[in-house]
Amino acid sequence: MSYSIFLLSLAAFASAASMRVTDALLPRLASDFHVGIGHASAVVTGFAVAYGLMQVLFGPLGDRFGKLRVISYSTAAAALASAACLLAPGFEGLLTARIFAGAFCGSIIPLSMAWIGDVVPYEGRQPILARFLLGQILGLASGTAIGGFAAEHVQWRWPFGLLAAWLAVCALLIGLASRTDPVPRLEKASHFARDAVGILAHPWARIVVATVFVEGMLVFGALAFIPTHLHFNRGLDLSTAGLALVPYALGGT
């Protein structure tokens, strides 16, 4: 079990890094593709929206076919999407690949946490989740930092190749681990609409969902433009501006 959790943490690192890797690249994307910063930021928005919407699908799929198996397949698809980002000939191609990358990265962290909930008793769950989430938090900071360093080089696409290789290895190893998954699969997938209505019938559940929604808009949306702001308004080079999220990760650890 510990080995599987370690692999899931590595996959969570790649998922979070994929989400933030284009933040510090926005000025470079705008320059190279001759678009405005607002237009270039669609690579961030497209990833995030696809990431969120696919939660509706991955939960029932994980219950029906096994969470580790679904994580493995979607991680492999995310690796292909990252490779497509590396090879995209133009901005529209890059945007499309980013949307697919977000859609498939969207399974990794939520399903991993759900799987940990299935295999770890409640009383010992919190420290295990904390160790798992180190991968996600470090990925958030590393993605922006790597994007900032790449933005200062002629060949700025190499982070997508690195992420593609990382995700591919994680997909293979998690797929092998799924063969001995101790969590039984459900004969019938859960009914998402019915379950969601049942959860939202509780007042505190509505408060939690609303709070997370607002946090996503105000925190994660704003993070994407911090390196760009530091670059244009404070005169920092993008490699330095990309380090802005490192204190965020240190605080989370």
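Residues numbered from 1 in each chain as written. Predicted model: local features only at pLDDT ≥ 70, side-chain atom pairs only at ≥ 80, totals over all residues. Heavy atoms only, no water.

Caption draft 1: Molecular detail of the pattern of salt bridges. All chains considered together, the criterion is met by four salt bridges. D23 serves as the salt-bridge partner of R20, at 2.4 Å between the closest nitrogen and oxygen. Taking the relative accessible area as the measure of exposure, R20 reaches 2% and is therefore buried. Residue classification places D23 among the buried positions, given a relative accessible area of 0%. Ionic pairing is found between R28 and D32, a salt bridge with its closest N-O pair at 3.2 Å. Placement of both R28 and D32 in helix α2 (residues 26–33) is noted, with a separation of four residues, approximately one turn of the helix. By relative accessible area, R28 is classed as buried at 16%. A relative accessible area of 34% means that D32 is categorised as partly exposed. (Salt bridge = Lys/Arg side-chain N within 4 Å of Asp/Glu carboxyl O. Buried < 20%, exposed > 50% of the residue type's maximum accessible area, 1.4 Å probe, protein only. Helix = DSSP H or I, 4+ residues; strand = E, 2+ residues; numbered from the N terminus.)

Caption draft 2: Quick look at the environment of G135. Along the chain, G135 turns up in helix α9 (residues 125–151). Taking the C-alpha atoms as reference points, G135 and R64, 71 residues apart in sequence, are found 26 Å from one another. G135 has contacts with S9, A12 and F13, leaving out every residue within four places of it along the chain. (Contact = heavy atoms within 4.5 Å.)

Caption draft 3: Region of interest: the nonpolar core. L8, W115, I116, F132 and I174 are the most contacted members of the largest nonpolar core, which totals 33 residues. Sorting elements by how many residues they give to this core places helix α1 (residues 2–20) first, with seven residues. Sequence-distant contacts of F132, that is, excluding residues within four places in its chain, are made with I5, L8, S9, A12, I109, S112, M113 and I116. By size, the runner-up hydrophobic cluster in this structure holds 24 residues, among which are L26, A97, A150 and W156. (Core = buried A, V, L, I, M, F, W, Y, C linked by side-chain atoms within 4.5 Å.)

Caption draft 4: Region of the structure containing a nonpolar patch on the surface. Among the surface-exposed residues, F149, W158, L162 and L243 lie close enough to one another that they form a single nonpolar patch of about 370 Å² accessible area. Relative to the helices and strands, L162 is located in helix α10 (residues 158–177). (Patch = residues over 30% accessible without salt bridge, like charges linked within 9 Å, V, L, I, M, F, W, Y side chains within 5 Å. Areas by Shrake-Rupley, 256 points an atom, 1.4 Å probe, with all protein chains shown as cover.)

Caption draft 5: Seen up close, the side chain of K67. By the secondary structure assignment, K67 is in helix α6 (residues 67–87). Judged by its relative accessible area of 10%, K67 is buried. A distance of 3.2 Å separates the side chain of K67 from the side chain of D63, its partner in a polar contact. (Polar contact = N/O pair within 3.5 Å; in protein donor to acceptor, adjacent residues only side chain to side chain.)

Caption draft 6: Summary view of the state of the cysteines. Applying the stated criterion across every chain yields a total of zero disulfides. Looking at C85, it has no disulfide partner, and the nearest cysteine sulfur is the one in C105, 9.4 Å off. (Disulfide = S-S within 2.5 Å.)

Caption draft 7: Molecular detail of unusual backbone geometry. Residues other than glycine seldom take positive phi values, yet H34 does so here, at roughly 55°. By the secondary structure assignment, H34 is in the loop between α2 and α3 (37–40). Relative accessible area serves as the criterion here: at 72%, H34 is assigned to the exposed category.

Caption draft 8: Helix α13 (residues 226–233), seen in detail. By the burial criterion, the buried members of α13 are P227, T228 and L230. Relative to the axis of α13, the buried residues are bounded by an arc of 165° and lie together on one face. Along α13, exposed side chains directed more than 90 degrees from the buried face belong to F232 and N233. With its phi angle positive at about 75°, G235 sits one or two positions after the end of α13. (Arc of directions from axis to C-beta.)

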